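Observations on the three-dimensional arrangement
As a plain string of letters, each chain reads:
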Amino acid sequence: MGVHIEFVDQSRGPAKFEDGQVSHPAAYAYCYELLPHGVIAVYKVIQPVNKKGQPIGDPSREEVVVYGPAAWLAAYGRRWAR
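So, how was this worked out
Residues numbered from 1 in each chain as written. Predicted model: local features only at pLDDT ≥ 70, side-chain atom pairs only at ≥ 80, totals over all residues. Heavy atoms only, no water. Helix = DSSP H or I, 4+ residues; strand = E, 2+ residues; numbered from the N terminus. Polar contact = N/O pair within 3.5 Å; in protein donor to acceptor, adjacent residues only side chain to side chain. Contact = heavy atoms within 4.5 Å. Phe/Tyr/Trp six-rings, centres within 6.5 Å; stacked < 30°, edge-to-face > 60°. Buried < 20%, exposed > 50% of the residue type's maximum accessible area, 1.4 Å probe, protein only. Salt bridge = Lys/Arg side-chain N within 4 Å of Asp/Glu carboxyl O.

1. Let's talk about the side chain of Gln-47
By secondary structure assignment, the location of Gln-47 is in strand E4 (residues 39-48). Of note is the side chain of Gln-47, whose polar atom sits 3.0 Å from the backbone oxygen of Ile-56. Residues in contact with Gln-47, not counting those within four places in the same chain, are Pro-25, Ala-26, Ala-27, Pro-55, Ile-56, Gly-57, Asp-58 and Pro-59.

Okay, structure coming up:
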C-alpha cells in the first residue's frame, strides 16, 4: 500500500513511499502519523520475518520524513495506529 503525500505546491510532484517485499530477514512497510499542529510524519516499519516470510518478534519504526502543515495537502495509505 505505501504512503503518498500530495503537496500544496502543485509544481512539486507527490512523495511516494512504497512498501517492500517480504523476505528473510525482514519486511518493511510505510505508514504516516498526523501529529499536533498539522504536522505529518512518515515512518518505515520494519518487521522481522522467518525464512517462510512469517512475522516474528516486534516491529520497529524509523522516522523517514516530517512535513509541516504549510507543505502538505493530502495523505493516502496506511495510517499509524498506536
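2. Examining the packing of aromatic side chains
Under the defined criterion, the tally for this structure stands at 4 aromatic pairs. Judged by centre distance (5.9 Å) and plane angle (85°), the ring pair of Tyr-28 and Tyr-30 falls under edge-to-face. Measuring from centroid to centroid gives 6.3 Å for Tyr-43 and Trp-80, while their planes differ by 50°, and the two rings are tilted. One end of the pair, Tyr-43, is in strand E4; the other, Trp-80, is in the segment after strand E6 (72-77), with 37 residues separating them in the sequence. Residue class for Tyr-43 comes out buried when judged on its relative accessible area of 7%. Residue classification places Trp-80 among the partly exposed residues on the basis of a relative accessible area of 27%. The structure contains a cluster of three or more aromatic residues connected by ring pairs, namely Phe-17, Tyr-28 and Tyr-30.

3. Digging into the pattern of salt bridges
A full pass over the atoms with the stated rule returns 2 salt bridges. Note that Arg-78 and Asp-19 form a salt bridge whose closest N and O atoms lie 3.1 Å from each other. Taken as a pair, Arg-78 in the segment after E6 and Asp-19 in the loop between strand E2 (15-17) and strand E3 (26-35) lie far apart in primary sequence, 59 residues in all. Overall, the relative accessible area of 24% leaves Asp-19 in the partly exposed class. Glu-33 serves as the salt-bridge partner of Arg-61, at 3.5 Å between the closest nitrogen and oxygen. Here Arg-61, found in strand E5 (residues 60-67), pairs with Glu-33, found in strand E3; they are 28 residues apart in sequence, far enough to count as distant. Looking at Glu-33, the relative accessible area reads 6%, which means it is buried.

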